[in-house]
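If you want the building blocks of each chain, they are given just below.
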Amino acid sequence: MKVHHLNCISTCPLGGHLMDGRTRGVFTRASLACHCLLVEAGNRLVLVDTGLGLRDVAHPRDRLSAFFLGLLAPDLRAEMTAARQLQALGYAPADVTDIVLTHLDFDHAGGLDDFPNATVHLRAIEEEAAARQRTWLDRQRFRPQQWGSRGRWLAYDDARTEAWMGLEAVSALRGLPPEILMVHLPGHTHGHAGVAIRGDHDWLLLAGDAYFDAREMHAEPRCTPGLRFYQWMMEKDRRARLHSRERLRELALREPQLTLFCSHDPIQFEALAGRRLGDPLVGAGTGPVEAAG
């Protein structure tokens with residue numbers, strides 16, 4: 001099991017230091033990661049989240065909401081998409097067999113259509129809640145324009161779960177090895193999940209948007225004020241989100257051998273990937289955008 005860390009298009013919200021804790025000033029734009037994983041698992045090639053995709057880069061106004069384009073100003077470079085970064089490893093998008101989603105927010109699921117052969121694994125409650133589009137914010141964050149792959153979605157019933165590392169709601173994934181698990185972490189969205197992967201030595205857990213600042217997992221938790229506000233704005237169930245975050249903090253303190261990380265912390269991404277936030281995998285293509293359809 002080999003795991004690669006990918007930043008699949010940074011978002012650049014207003015607020016500078018108040019958001020990412022390291023950009024100078026507060027009237028500049030910060031840079032946040034969109035931390036995805038590529039897992040080489042025997043005869044399976046698995047993506048955990050996709051970030052934004054080639055079609056989002058080519059046609060952002062058609063696929064993304066004006067609200068989030070203005071608020072987050074994504075760094076829309078084709079070479080940072082998962083599809084292009086796979087090429088650095090000698091793979092083609094059609095080689096990806098599976099995609100495991102933490103949730104269906106536009107910045108996590110935008111690249112689904114770039115991988116024509118992939119089965120997409122997600123929680124059933126996430127698919128149902130996102131499709132309902134009940135609120136104005138739901139219509140901005142959940143973008144059916146990105147869901148051309150929906151016929152290949154495999155949704156998991158919450159009634160069939162098991163335990164892992166003391167967490168009580170975990171789904172094994174059909175067709176994937178037992179070293180890849182979906183950990184239910186509701187709150188940010190109703191069907192939000194983390195993804196656990198057994199690496200060469202110990203477990204890794206990508207917690208998605210269950211928290212945004214790595215310091216939230218410390219014994220004395222901290223978070224930048226901008227990210228604290230953004231988490232409040234985006235949460236679907238505050239009580240569930242805080243409970244999920246507390247379960248993760250307890251896990252982090254109890255299992256120091258576990259590598260726990262979230263989707264958007266830029267410092268944590270750079271430490272795990274060993275490269276700067278804005279750098280694709282070495283050798284990733286930098287040519288013109290090619291988006292089928």
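Basis of the calculations
- Residues numbered from 1 in each chain as written.
- Predicted model: local features only at pLDDT ≥ 70, side-chain atom pairs only at ≥ 80, totals over all residues.
- Heavy atoms only, no water.
- Core = buried A, V, L, I, M, F, W, Y, C linked by side-chain atoms within 4.5 Å.
- Buried < 20%, exposed > 50% of the residue type's maximum accessible area, 1.4 Å probe, protein only.
- Helix = DSSP H or I, 4+ residues; strand = E, 2+ residues; numbered from the N terminus.
- Contact = heavy atoms within 4.5 Å.
- 1 Å grid on protein atoms, 1.4 Å probe; cavity = no way out; pocket = protein on both sides within 12 Å on 5 of 7 lines; lining within 4 Å.
- Points joined across faces, edges and corners; volume = space filled by probe spheres on them.
- Nonpolar A, V, L, I, M, F, W, Y, C, P; charged D, E, K, R; others polar.
- Pairing = 2+ DSSP bridges.
- Patch = residues over 30% accessible without salt bridge, like charges linked within 9 Å, V, L, I, M, F, W, Y side chains within 5 Å.
- Areas by Shrake-Rupley, 256 points an atom, 1.4 Å probe, with all protein chains shown as cover.
- Salt bridge = Lys/Arg side-chain N within 4 Å of Asp/Glu carboxyl O.
- Axes fitted to C-alpha atoms, helices over the stretch in contact; angles between N-to-C directions.
- Arc of directions from axis to C-beta.

A. Broad picture of the nonpolar core. Among the nonpolar cores identified, the biggest contains 45 residues, and L47, I99, L104 and F115 are the most heavily contacted of them. Residue assignment for this core shows that the elements contributing at least two residues are strand 2 (35-41), strand 3 (44-48), helix 2 (54-58), helix 4 (66-72), helix 5 (82-87), helix 6 (106-109), strand 5 (119-123) and helix 9 (225-234). The residues touching I99, leaving out its near neighbours within four places in the chain, are L47, T50, L112, F115, A118, T119, V120 and H121. Formed by 19 residues, the second largest nonpolar core is a distinct cluster that contains V170, L181, L248 and C262.

B. Representation of empty space enclosed by the protein. Under the defined criterion, the tally for this structure stands at one cavity of 30 Å³ or more. The calculated volume of the largest cavity comes to roughly 90 Å³. Those elements that provide at least two residues to the lining of the largest cavity are helix 6 and helix 9. With three residues, the single largest contributor to the lining of the largest cavity is helix 6. Of the residues contributing to the lining of the largest cavity, the split by class is eight nonpolar, four polar and three charged.

C. Inspection of the environment of A66 at higher detail. By secondary structure assignment, the location of A66 is in helix 4. The class of A66 is exposed, set by a relative accessible area of 65%. Through-space distance from the C-alpha of A66 to that of Q140 is 8.1 Å; in sequence the pair is 74 residues apart.

D. Structural context of the pairing of strand 9 (residues 180-184). Of all five residues in strand 9, five are buried; the element is thus mostly enclosed. Side chains I180, M182 and H184 of strand 9 all project onto a buried face; the interleaved residues L181 and V183 project onto the opposite face, where all are buried too. The sheet contact formed by strand 8 (residues 167-172) and strand 9 spans three bridges and is antiparallel. Considered in strand 9, the bridge of S171 is made with M182.

E. The arrangement of the side chain of Q268 in detail. Assignment of secondary structure puts Q268 in helix 11 (residues 266-273). A relative accessible area of 16% places Q268 in the buried class. Setting aside chain neighbours within four positions, we find Q268 in contact with Y211, A214, L260, F261 and C262.

F. Representation of a nonpolar patch on the surface in the model. The grouping of L18, V26 and F27 at the surface amounts to a nonpolar patch, some 340 Å² of accessible area in total. Structurally, the position occupied by F27 is in the loop between helix 1 (17-20) and strand 2. The class for F27 is exposed, based on a relative accessible area of 82%.

G. Seen up close, the sheet that holds strand 5. Within the open sheet, the six strands sit side by side as 1-2-3-4-5-6. Their pairing is mixed. Each edge of the open sheet is held by one strand with a lone partner, namely strand 1 (2-7) and strand 6 (153-156). On average, each strand axis in the sheet is inclined to that of its neighbour by 20°, with strand direction left out of account. With four bridges joining them, strand 5 and strand 6 adopt parallel strand pairing. Following the sheet pairing, H121 is matched in strand 6 by L154. Seen against the sheet, helix 7 (residues 124-132) touches strand 5 and strand 6 and runs at an angle of roughly 85° to strand 5.

H. Spatial organisation of helix 9. When helix 9 is considered as a whole, its buried residues turn out to be G226, L227, Y230, Q231 and M234. What you see down the axis of helix 9 is that its buried residues fit within an arc of 135°, all on one side. Buried residues belonging to helix 9 abut helix 1, helix 4, helix 8 (136-141) and helix 10 (238-254).

I. Molecular detail of the sheet that holds strand 10 (residues 193-198). Spatially, the six strands line up as an open sheet ordered 7-8-9-10-11-12, and their pairing is mixed. Each of the sheet's edge strands pairs with one partner strand only, and the pair in question is strand 7 (162-164) and strand 12 (259-261). Across this sheet, the average inter-strand angle for adjacent strands is 35°, counted without regard to direction. In this structure, strand 11 (residues 203-206) lies alongside strand 12, joined through three bridges in parallel fashion. The residue of strand 12 that forms the bridge with L206 is F261.

Take it as geometry only, folks, not as evidence of what the structure does.
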